[in-house]
Amino acid sequence: CLYSEATAISLATRFGKLIHEGKKVIVTDSQRFHSKLFLEVLNTQLEKFGLNGCLKWREIELKKVSTRGVTDGEVRISDIVVNLLTA
């Protein structure tokens, strides 16, 4: 989660290195506090490694997603919107 500017910068810097090493990463930022900053720093990091630094957020809607409540364990079916990083 990208709750602070410092966290967004640190994660983007680290993830840039991991992506350069061929690893896959998952980022969550449900409240979108610092998604823009994260993306700017990540693209800069990728360019430093000679990779395409043109990632952008793409919003998609997933229909009928099954989730389970953390506290009550109840299964819920709902539509959700997610943002993916794409080139």
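Moving on, we come to the packing of aromatic side chains. For the coordinates displayed, the defined rule picks out 3 aromatic pairs. On the basis of an interplanar angle of 80° and a centroid distance of 6.2 Å, the ring pair of F15 and F38 is categorised as edge-to-face. Of the two residues, F15 is situated in helix α1 (residues 5-20) and F38 in helix α2 (residues 35-48); the sequence distance between them amounts to 23 residues. The two residues F15 and F38 agree in class, both being buried. Each member of the aromatic cluster is reached from another via a ring pair, and the members are F15, F38 and W57.

So, on to the nonpolar core. A general trend in soluble globular proteins is that nonpolar side chains are found buried together. Listed in full, the 11 residues of the largest apolar core are L2, A8, A12, F15, L18, F38, L39, V41, L42, L46 and L55. Elements that contribute at least two residues to this core include exactly α1 and α2.

Over its 16 residues, α1 extends 23 Å from the first C-alpha to the last, a length consistent with the 22 Å expected when each residue adds 1.5 Å. Turning to α1, its buried residues are A8, A12, F15, G16 and L18. Down the axis of α1, the smallest arc covering the buried residues is 165°, so these residues share one side. Looking at the buried side of α1, the elements it contacts are α2.

This brings us to the side chain of S35. When you line up the elements, S35 lands in helix α2. Here S35 is in contact with L2, D29 and W57, once residues within four sequence places are set aside.

Before going further, it helps to examine the side chain of N43. Tracing the backbone shows N43 in helix α2. Polar contacts involving the side chain of N43 include one to the main-chain amide nitrogen of L55, which spans 2.9 Å. Not counting the four nearest positions on each side in its chain, N43 is found in contact with G53, C54 and L55.

A few words now on the packing of α1 against α2. Where α1 meets α2, the axes come as close as 8 Å, and the angle between the chain directions of the two elements is 30°. It follows that α1 is roughly parallel to α2 by the angle criterion. Helix-helix and strand crossings are classified by hand; for α1 and α2 the assignment is right-handed. Along the contact surface, α1 presents E5, A8, I9, L11, A12, T13, F15, G16 and I19, while α2 presents L37, F38, V41, L42, Q45 and L46. By residue class, the composition of the contact of α1 with α2 is 11 nonpolar, 3 polar and 1 charged.

Conventions adopted
- Residues numbered from 1 in each chain as written.
- Predicted model: local features only at pLDDT ≥ 70, side-chain atom pairs only at ≥ 80, totals over all residues.
- Heavy atoms only, no water.
- Phe/Tyr/Trp six-rings, centres within 6.5 Å; stacked < 30°, edge-to-face > 60°.
- Helix = DSSP H or I, 4+ residues; strand = E, 2+ residues; numbered from the N terminus.
- Buried < 20%, exposed > 50% of the residue type's maximum accessible area, 1.4 Å probe, protein only.
- Core = buried A, V, L, I, M, F, W, Y, C linked by side-chain atoms within 4.5 Å.
- Expected span 1.5 Å × (residues − 1).
- Arc of directions from axis to C-beta.
- Contact = heavy atoms within 4.5 Å.
- Polar contact = N/O pair within 3.5 Å; in protein donor to acceptor, adjacent residues only side chain to side chain.
- Axes fitted to C-alpha atoms, helices over the stretch in contact; angles between N-to-C directions.
- Parallel < 35°, antiparallel > 145°, perpendicular 65-115°, else oblique.
- Left-handed = near helix turned anticlockwise from the far one by under 90°.
- Nonpolar A, V, L, I, M, F, W, Y, C, P; charged D, E, K, R; others polar.

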